[in-house]
Amino acid sequence: MVGAVNGGRLPRQVFSVVNGGHDSGTWAGSVSSRAGSDCGGIEFRREDVEALLNEKIRPKDKFSLKEKCDTMMDYIKRLRMCIKWFQELEGDLLFEQEKHMRMLESAEQKCYDMEILMNEKEEELNSIIMELRKNYTSLQEKFAKEESDKLAAIETLTKEKDARLSAERSQSSILEDLERAQRECSSANQKILSVNDMYKRLQEYNTSLQQYNSKLQSELQQTNEILKNAEKEKVAVLENISSLRGQCTSLQEQLTATKASNTELKNLKEAAASEVERLRLDLQQVRDDRDRQLSQVQDLSAEVLKYKEWTGKSAAEVGNLTTKSNQLEATCISQSDQIKILQEKLAVAENKLAMSDVSAFEIRTGYEEQMRANSELQFRLAEAEVKLVEGESLRKKLHNTILELKGNIRVFCRVRPLLFDDGADHETKAVSFPTTTDNLGRGIELLQHGQKHSFTFDKVFVPESSQEEVFEEVSQLVQSALDGYKVCIFAYGQTGSGKTHTMMGTPGNYDDKGLIPRSLEQIFEAKQTLQNQGWKYEMQVSMLEIYNETIRDLLSTTRPLTESSGTKQYSIKHDANGNTHVSDLTILDVRSSREVSFLLNRAAQSRSVGKTQMNEQSSRSHFVFTLRISGYNESTEQQVQGVLNLIDLAGSERLSKSGSTGDRLKETQAINKSLSSLSDVIFALARKEDHVPFRNSKLTYLLQPCLGGDSKTLMVVNVSPAPSSINESLCSLRFASRVNACEIGTPRRQTSARQMDSRLSYG
Ligand SMILES: Nc1ncnc2c1ncn2[C@@H]1O[C@H](COP(=O)(O)OP(=O)(O)OP(=O)(O)O)[C@@H](O)[C@H]1O
C-alpha cells in the first residue's frame, strides 16, 4: 500500500513521524512503542522491512526449516502487526497529512503573503539599494573630487607657498615697479591731457573736414559747371575745328589750283625758253651768215679795189664783179633786215620770258605764302585737336570723378505732363518743385492728404522738360560706353507714368524720340568722330523681353507665336569676368543707327503690349536693349569693351486699381513680383547685406552686374502728376530715394585687351 502510495518506498515524513522526528536508524523503537511485545523483541532494520516489502528477504540458511517456519510465521505475525500498525499509521498519517496540508496551505498562504511582502520589501530594498548605490557613487565622486581637490589644494598650497615666497621676493620688485608705475601714471596723465588736447584738435579738424566736405560739394557743383562749360568749349572747339577744316580744304583746293596754273606757266615758260633758244640759234645762224657774207663782201670789196687797181683789166670782169658785189650787198642788206626782224623777235621773246619769269616768281611767292598759311592752319588744327583730346579726357575725368563721388548708381526723376485721360482737376496740384537754390532742379514735393513729402534726386525733370533736355543729362553716361564702361539706364515707375515715352519716345514722331534712339545716334556719331583719333569700333545688338518670368528673344526670326509653343529656354549666365550671357539669344552686328532703328521697330512690334485701365498701350514686360561696343585704337593700341543696357521696365500697378483679370492679372502679378524682387535687391544692397537675392527673379539676375557690379547705372523714375496716382507716385519716389542712397561700387573701365566671349554680354 505504501509502495503504491510512494512507488514502494516509505515517505520521509513517515520516518520522521515514526521516529519521532529522527531520520536515521531503525524502526525498532517506534514499532515497539506502538506494537509493544507483539514484535517479540526481534529487531528488524529498516532495510529488512524495505526488503520484506519488496519481497527480497530470504531466511538465513543456518536455521532449520521449523525455525525458519517459526521465524517466518513470527515474521509474518510481525508483518501483520506491522500492517495493522501501518494501517493505523496510515490513518494517523492521513490525519497528519490533512493537518499538514492545512498547515501547508496556511503556510503557503503565509508564504504567498510573505512573498508579496518580500517582493514589496525587495522593491523597497532595491530602491534603497539603488539610492544607496547612487549615494555611494556620488559619495565616491565626491570623495574622488575631494581627493583631487585635496591634491589640488595641496598642490596649490605648495604653489602658494612657492608663490608667497616668490611674491615676497617680487614684492620688493613690485614696490619698485609701483614706484615706476606711479611715475608712468603721472606721465600717462600728462599724456591723457595731451590726448584730450589732441581730441579737441581732432574735433576742430573734423569740423574743418566737414567744412572741407561742404566745400568739396560746392566744388563738385562748380566742377559740374566746369564740365558743362568744358562741354560748351568742346562744342565750340569742334565747330572751330570744322571751320578750320573747311578753311584748310578750301586752301588745299586753292593750292591745287595754284599748283596746276604754276605747272601750266612752267610749261609756257619752258616753251617760251625753247622758242627763245630756237630764235637765238636762228639769230646766231643769221649772224654767222651775215658775218660770213660780210667777210665775203669785204673780200669782194678788196677784190674790187684790187681790180680797180688793175685798170688794164676788162670792163666785163669789172661788171661781173660789180654785179656780184651788188648781189652780195643786197643779200647783206636782206640778211641785216632778217637780223633786225630776228632781233625784234628775240627781244619780244626775251620780254615774254622776263614776264613769265616775273609771273612764275609771283606764283612761287603766292604758293609759298599759301604753303605757310596751310602749315599755320595745320598747326592750329593740330593744336585744336590736342585741345579737343585734352578737353575730352578732362570731360571723362570730371564725369568719372562726379560718378565716383556720387557712387555708381544715380537717380533722375521725370514727371510727365497731366494727360486728358488722367481725368484730373487741373487746378489741384499734387506735385510741386522747390525753387530754393539748394534744390533747384533736384527736388520734388508730393502732397498727400495735406501732408507734404519731399525728395531730392540727382536731377528732376519737370513736365515741360523735353526729350532733348532729358537726353542732354544722360549723354555723358552714354558716351562712357564708348570709353569702355558698362552702362545701364533703366526706367522705373507706375504704369502709364511715361517710361516707354522716356526710353523710346512717341512712335512716328521723330523729334519726340526717346533716350534709346538718341543714345544710338550719339554713339554712332561719336564713332565717326573718334575715327579721326584712330579709334575703330564694332557694335553688336540684342533685344529681349522678360514676360511672365520668361525670356523672349525680340530679334529672333523664328519667334514662337504662342507661349506654349516656345521651344528655346534662354538661360542667364555670369562668367568670371563679370559678363552676362543669355544662351541662344539673337545677336546682330550693326554699323549705323538707322540699322538699329530698324531693329528697334521690329522688336517693338514683337513686344508684349496690352490695354489696361491705367494705360491704353501698356508694356506688359521688361524690355532690355543691349549694345555691346568693342573699340580698338590702332595708334595707341588701346582696346575697350563697353556695354550699354537700356531698359524699359514694365509698370508697377495695384491689382485693385488696374482692374486686371485673366491673363492680364497673371501678367500684373508677374510684373509686381519681379519689381518687388528688384526692391528686395536694392534694399539688401543699401543695407550692405551679405546675401543679395539676385536670383529671386530673371530681371534681377540679368541686372546683377549693373546693380551689384562695376557699372555706371542710372535709374529714371517716372511719375504721374495726377492726384489720383499720388499713392503710386509716393511709392515710386520712396523706392527711388532708397536706390539713390545705395552705394554699390566704383565703375570700372574695361580697357585691357582681355578675352571676351564673342557672344554679347550684359555687363
Ligand atoms: N513727357 C511726356 N510728354 C508727353 N506725353 C507723355 C510723356 N510721358 C508720357 N506721356 C504719355 O503718357 C502715356 C503713357 O506713357 P507710357 O506708355 O510711356 O507709360 P509707361 O510708363 O511706359 O506705361 P506702362 O508701364 O503701362 O507701359 C502715353 O500716351 C505717352 O505718350
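Residues numbered from 1 in each chain as written. Predicted model: local features only at pLDDT ≥ 70, side-chain atom pairs only at ≥ 80, totals over all residues.

- Going by the annotation in an unreviewed UniProt entry, the name recorded for the chain is Kinesin-like protein, with Artemisia annua given as the source organism.
- Under the Sequence similarities (unreviewed entry) heading, UniProt states for the chain: "Belongs to the TRAFAC class myosin-kinesin ATPase superfamily. Kinesin family. KIN-14 subfamily." (UniProt positions renumbered as here; feature names shortened; annotations may be inferred.)

1. Let's talk about the packing of helix H12 (residues 662–686) against helix H15 (residues 726–740)
Logical step 1: For the pair H12 and H15, interaxial distance at closest approach is 9 Å and the crossing angle is 40°. Taken together, the axes of H12 and H15 are oblique relative to one another. Handedness of the H12/H15 crossing: left-handed. Contacts from Ser 679, Ile 682, Phe 683 and Ala 686 of H12 reach H15 at Phe 735, Arg 738 and Val 739.
Logical step 2: Grouping the amino acids of the contact of H12 with H15 by side-chain chemistry returns five nonpolar, one polar and one charged. (Axes fitted to C-alpha atoms, helices over the stretch in contact; angles between N-to-C directions. Helix = DSSP H or I, 4+ residues; strand = E, 2+ residues; numbered from the N terminus. Parallel < 35°, antiparallel > 145°, perpendicular 65-115°, else oblique. Left-handed = near helix turned anticlockwise from the far one by under 90°. Contact = placed C-beta atoms within 7 Å. Nonpolar A, V, L, I, M, F, W, Y, C, P; charged D, E, K, R; others polar.)

2. Digging into the nonpolar core
Logical step 1: Membership of the largest hydrophobic core comes to 78 residues, with the highest contact counts inside it found for Cys 413, Ala 481, Val 487, Ile 489, Met 715, Val 717 and Ala 736.
Logical step 2: Sorting elements by how many residues they give to this core places H12 first, with seven residues. (Core = buried A, V, L, I, M, F, W, Y, C linked by C-beta atoms within 7 Å. Buried ≥ 20, exposed ≤ 12 C-beta atoms within 10 Å, placed from the backbone.)

3. Details of the environment of Ile 409
Logical step 1: Along the chain, Ile 409 falls in strand S1 (residues 409–415).
Logical step 2: As a C-alpha pair, Ile 409 and Ile 489 span 80 residues in sequence and 9.7 Å in three-dimensional space.

4. Structural notes on the pairing of strand S3 (residues 443–448)
Logical step 1: Taken together, the two bridges between strand S2 (residues 431–432) and S3 define a ladder with antiparallel strand orientation. Bridge assignment links Val 431 to a residue of S3, and that residue is Leu 446.
Logical step 2: Relative to strand S4 (residues 451–456), S3 is paired through six bridges, and the arrangement is antiparallel. Paired with Gln 448 across the strands is Gln 451, a residue of S4.
Logical step 3: Linking two consecutive strands that pair antiparallel, namely S3 and S4, is a turn of two residues; a positive phi of about 45° is found at His 449 within it. (Pairing = 2+ DSSP bridges.)

5. Quick notes on the environment of Val 470
Logical step 1: With respect to the element layout, Val 470 can be found in helix H7 (residues 467–482).
Logical step 2: By C-beta crowding, Val 470 is classed as partly exposed, having 19 other C-beta atoms within 10 Å.
Logical step 3: Here the alpha-carbon distance between Val 470 and Phe 412, two residues 58 residues apart in the chain, equals 9.3 Å.
Logical step 4: Aside from chain neighbours lying at most four places away, what touches Val 470 is Arg 414, Phe 461, Ser 465, Thr 502 and Leu 515.

6. Remarks on unusual backbone geometry
Logical step 1: Of note in the backbone geometry, Glu 637 takes a positive phi value of approximately 55° without being a glycine.
Logical step 2: With respect to the helices, strands and loops of the structure, Glu 637 is situated in the loop between strand S14 (622–633) and strand S15 (638–648).
Logical step 3: Of note in this structure, Lys 688 is not a glycine but carries a positive phi near 55°.
Logical step 4: Relative to the assigned elements, Lys 688 resides in the loop between H12 and helix H13 (698–702).

7. Topic: the environment of Gln 639
Logical step 1: With respect to the helices and strands, Gln 639 occurs in strand S15.
Logical step 2: Along the backbone, Gln 639 and Trp 535 are 104 residues apart, and their C-alpha atoms lie at a distance of 9.1 Å.

8. Description of H12
Logical step 1: Under the 1.5 Å per step criterion, the end-to-end length of H12 is 36 Å for 25 residues, consistent within 8% with the ideal 36 Å.
Logical step 2: Within two residues after H12, Lys 688 carries a phi angle of roughly 55°, on the positive side. (Expected span 1.5 Å × (residues − 1).)

9. Let's talk about helix H10 (residues 593–606)
Logical step 1: With 14 residues, H10 extends 20 Å from end C-alpha to end C-alpha; this agrees with the ideal 20 Å at 1.5 Å per step.
Logical step 2: All buried positions along H10 are accounted for by Ser 593, Val 596, Leu 599 and Ala 603. Looking straight down H10, one finds that the buried residues subtend no more than 115° of arc, so they occupy a single side. More than 90 degrees from the buried face of H10, the exposed residues found are Arg 594, Phe 598, Asn 601 and Gln 605.
Logical step 3: Taken together, the buried residues of H10 touch helix H9 (515–531), strand S7 (535–547) and strand S11 (588–590). (Arc of directions from axis to C-beta.)

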